[in-house]
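Coordinates in review
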Amino acid sequence: NARVTPLWCSLEQSPKAMLTVFSGAAATPPSKLVVSVQTQNGFFSTGDDIGALNPHDYRPNEFVTNDFIFEGLVAWDGKNPTGLDNIAGNEDDYVSPSLAKDWKTAYNETGKCRYVITFDLLEGVTFHDGTPWNAAAAVANFNQIMGGVGVLGFPKALAGMHDWLGFTQYLDAWEAVDEMTFSLTFTSYYEAALRELSTIRPFRMSSVAALPSLEHRGISHVAERNGLRNGGTWPNKCAKQAHYVVGKTGIPGSTDPTAGSTGWALTSLGVGEKLFTVDRYGFIVGQVAASVARPVSDNYNVWTVTLKPNYHFSDGTRVTAGLVATCLQELNDKNSSSGKARASVGVMTVTAESELVVKIVSERSTHIMDSVLAEWIFTIYYNKGDEYIFTGPYAVDNFDTDTFHLIPNLYYPLAEQRPTLTITKYGGSGELAAGALARPV
């Protein structure tokens with residue numbers, strides 16, 4: 001494999017480790033590579049010199065061995081002093097493509113002095129277990145490396161774990177722009193970003209199938225098992241592990257927002273959101289949407305809704321006009337045909353005009369489309385297999401006929417400050433009052 005080339009030095013400590021490769025020996029098939037690793041303190045005992053082969057961890061996951069197994073977005077190339085752009089003296093000196101085939105940098109395009117690197121990923125690559133390499137895999141790996149979810153300003157619990165690198169101190173966000181495009185956003189310009197990204201650890205990529213579930217408080221790094229160091233705050237772990245039991249006389253019978261009043265019930269639990277809602281002062285305000293407008297001033301049947309940028313579902317999927325249009329069309333179709341919960345504007349046709357703009361053509365005219373879209377039937381969701389994913393401050397961990405277990409949505413602001421919740425169903429107000437007096441709720 002032409003891509004299996006060891007990185008002899010990195011910006012981490014120059015390794016005193018020695019690599020001995022035995023090939024062609026009589027007892028060893030030519031297709032097998034036998035690696036004997038020495039460390040800074042001599043050989044580890046037998047069985048401990050390699051470790052768990054975790055690309056995000058440090059000792060005993062010896063980086064010399066991991067270099068033969070895992071790849072990163074870019075690679076250090078001592079024979080390429082001018083980098084990808086063939087210009088000496090800039091950010092990509094000695095850096096060559098690896099799992100990213102190309103990249104571009106931008107500084108201060110938003111006027112907020114941020115530095116963004118956008119990578120075009122190598123296509124047709126799979127991990128050893130057959131899992132495809134794509135932007136979603138890159139996001140999952142950076143979630144694990146940084147101990148966060150890649151949203152600007154959100155906590156990154158493990159940034160301090162890698163503080164020997166300036167990279168992790170400047171990195172503020174990461175996202176899948178599309179299936180094979182991945183971006184990193186830094187708080188300000190960081191000249192060494194690409195070179196530090198070529199280090200063997202912690203920036204090598206692992207199959208998503210081998211990573212623990214971030215949504216269920218799993219993390220690949222040993223720091224999670226030993227307790228976070230350097231004052232880190234894990235985004236899905238609230239202060240003092242707060243947990244509350246909430247009693248209600250009725251809870252949703254499913255998570256299907258197209259079924260009866262389930263969408264309203266899920267929204268009342270903090271799981272679902274709508275494009276617009278009514279705030280505590282009685283004003284219509286945007287939730288998932290930023291604004292609504294009429295493209296033609298005297299036509300009250302045609303409206304466009306602009307979504308908030310960088311808004312996410314609870315699994316990290318970006319909210320796009322395509323997903324919202326599919327959701328609204330399904331809700332309108334099912335409720336209009338059933339006759340149980342028709343929208344006040346009648347039948348709607350919903351399409352995506354662009355990535356963040358939804359077009360709505362309604363059967364009946366209205367001058368208050370924001371109020372219409374605040375109606376309880378229009379909960380925003382998308383289908384992920386047989387699972388419904390929402391945008392609210394809480395995500396459903398699991399549920400049954402009597403309880404809903406909710407965890408903070410990591411992609412919603414202030415997730416680290418929210419407790420976990422168990423919503424418990426009581427048979428009536430009397431039972432609920434007794435439960436409150438007995439203090440289980």
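Residues numbered from 1 in each chain as written. Predicted model: local features only at pLDDT ≥ 70, side-chain atom pairs only at ≥ 80, totals over all residues. Heavy atoms only, no water.

**Let's talk about the overall build of the chain**
Convention followed: Helix and strand assignments come from DSSP, with helices taken as H or I runs of at least 4 residues and strands as E runs of at least 2, each series counted from the N terminus. Here's how the labels work: a residue is buried when its accessible area is under 20% of the maximum for its type, exposed when over 50%, partly exposed in between, all with a 1.4 Å probe on protein chains only. Contacts are assigned to residue pairs that have any heavy atoms within 4.5 Å of one another. Only the protein chains shown count as cover for residues, and all accessible areas are computed by the Shrake-Rupley method using a 1.4 Å probe.
The helix and strand tally for the chain stands at 9 helices and 20 strands. The buried share of the chain, reckoned over its 441 residues, is 48%. Within the chain, contacts between residues at least 6 apart in sequence are counted, and of these 58% link residues at least 24 apart. Accessible surface, the chain as shown: approximately 20,900 Å² in total, 53% of it carbon and sulfur.

**Notes on unusual backbone geometry**
Residue Pro202 is bonded to the preceding Arg201 through a cis peptide linkage, with omega at 15 degrees. In this structure, Pro202 sits in the loop between helix H4 (193–197) and helix H5 (222–226). Even without being a glycine, Asn86 presents a positive backbone phi close to 60 degrees. Tracing the backbone shows Asn86 in the loop between strand S3 (74–76) and strand S4 (95–97). Even without a glycine there, the phi angle at Tyr94 is positive, about 65 degrees.

**Here's the deal with the sheet that holds strand S8 (residues 181–186)**
Stated precisely, the cut-off is as follows: At least two DSSP bridges between two strands are required for those strands to pair. Helix axes use the C-alpha atoms of the stretch in contact, all axes being lines fitted to C-alpha atoms, and the angles between their N-to-C directions lie in the range 0 to 180 degrees.
Pairing in this open sheet of 4 strands is antiparallel, and the strands run S5-S6-S8-S7 from one edge to the other. Edge strands, defined here as strands with exactly one partner in the open sheet, are strand S5 (100–107) and strand S7 (171–178). Averaged over all neighbouring strand pairs, the angle between strand axes comes to 20 degrees, with direction disregarded. For S7 and S8, the ladder comprises 6 bridges, and the chain directions are antiparallel. Residue pairing in the sheet places Ala176 in a bridge with Phe182 of S8. In the packing of helix H2 (residues 135–146) onto the sheet, the strands contacted are strand S6 (115–121), S7 and S8, and the crossing angle to S7 comes to about 165 degrees.

**A few points about the confidence of the model for the chain**
For the record, the criterion: As a per-residue measure, pLDDT reflects the predictor's confidence and takes values from 0 up to 100.
For the chain, per-residue confidence averages 79 on the pLDDT scale, and residues scoring 70 or more make up 76% of the total. Overall, residues 39–48 carries pLDDT values under 50, and its contacts beyond four positions in sequence, including any with other chains, amount to 12 contacts. Counting interchain partners and residues more than four positions distant, the pLDDT-below-50 stretch residues 222–241 has 50 contacts.

**Notes on the environment of Pro413**
By secondary structure assignment, the location of Pro413 is in the loop between strand S19 (403–408) and strand S20 (420–425). Relative accessible area serves as the criterion here: at 44%, Pro413 is assigned to the partly exposed category. Sequence separation of Pro413 and Val151 is 262 residues, and the distance between their C-alpha atoms is 9.0 Å. Those residues in contact with Pro413 that sit more than four places away from it in its chain are Phe154 and Arg418.

**Description of the pattern of salt bridges**
Put simply, the rule is: A pairing counts as a salt bridge when a side-chain nitrogen of Lys or Arg comes within 4 Å of a carboxyl oxygen of Asp or Glu.
Applying the stated criterion across every chain yields a total of 6 salt bridges. The salt bridge partner of Arg204 is Asp67, with a shortest N-O separation of 2.9 Å. Highlighted residues: Arg204 in the loop between H4 and H5 and Asp67 in helix H1 (residues 63–69), separated in sequence by 137 residues. Exposure class is identical for Arg204 and Asp67. Each is buried. A single salt-bridge network, built from bridges that share partners, covers Glu175, Arg318 and Glu355.

**A word on the environment of Asp178**
Note the following rule: Any N or O atom pair separated by 3.5 Å or less is treated as a polar contact, with the protein-specific requirement of one donor-capable and one acceptor-capable atom, and with residues adjacent in sequence counted only for side-chain atom pairs.
Secondary-structure assignment places Asp178 in strand S7. For the pair Asp178 and Ala136, spaced 42 residues apart in sequence, the C-alpha separation works out to 8.6 Å. Separated by 3.1 Å, the side chain of Asp178 and the backbone nitrogen of Met180 make a polar contact. Within the structure, Asp178 has its side chain in polar contact with the side chain of Thr181 (distance 2.7 Å).

**Here's the deal with the pairing of S8**
Burial within S8 is extensive, with 6 of its 6 residues counted as buried. Alternating residues of S8 divide into Thr181, Ser183 and Thr185 and Phe182, Leu184 and Phe186, and every residue in both groups is buried. Direction of pairing for S6 relative to S8: antiparallel, over a ladder of 6 bridges. Looking at the pairing, Thr118 lines up with Ser183 of S8. Counted along the chain from S7 to the antiparallel partner S8, the turn is 2 residues long.

**Quick word on the nonpolar core**
Our working rule: Nonpolar core, defined: a set of buried Ala, Val, Leu, Ile, Met, Phe, Trp, Tyr and Cys residues in which side-chain atoms within 4.5 Å join the residues together.
The biggest cluster of nonpolar side chains holds 43 residues, and the ones touching the most others in it are Leu275 and Val305. With 6 residues, the top contributor of residues to this core is helix H7 (residues 321–338). In this structure Leu275 touches Val285, Gly286, Gln287, Val288, Ala289, Val305, Leu307, Val324, Leu328, Leu373, Phe378 and Ile380, once residues within four positions along its chain are discounted. Judged by nonpolar contacts, the second largest core, of 35 residues, contains Leu73, Ile117, Val125 and Ala135.

**Some words on the sheet that holds strand S9 (residues 243–248)**
Across the sheet, which stays open at both edges, the 4 strands sit in the order S9-S20-S19-S18 with mixed pairing between neighbours. Strand pairing shows two members of the sheet lacking a second neighbour, S9 and strand S18 (394–399), which therefore form its edges. For this sheet, the mean angle separating the axes of adjacent strands, direction not counted, is 25 degrees.

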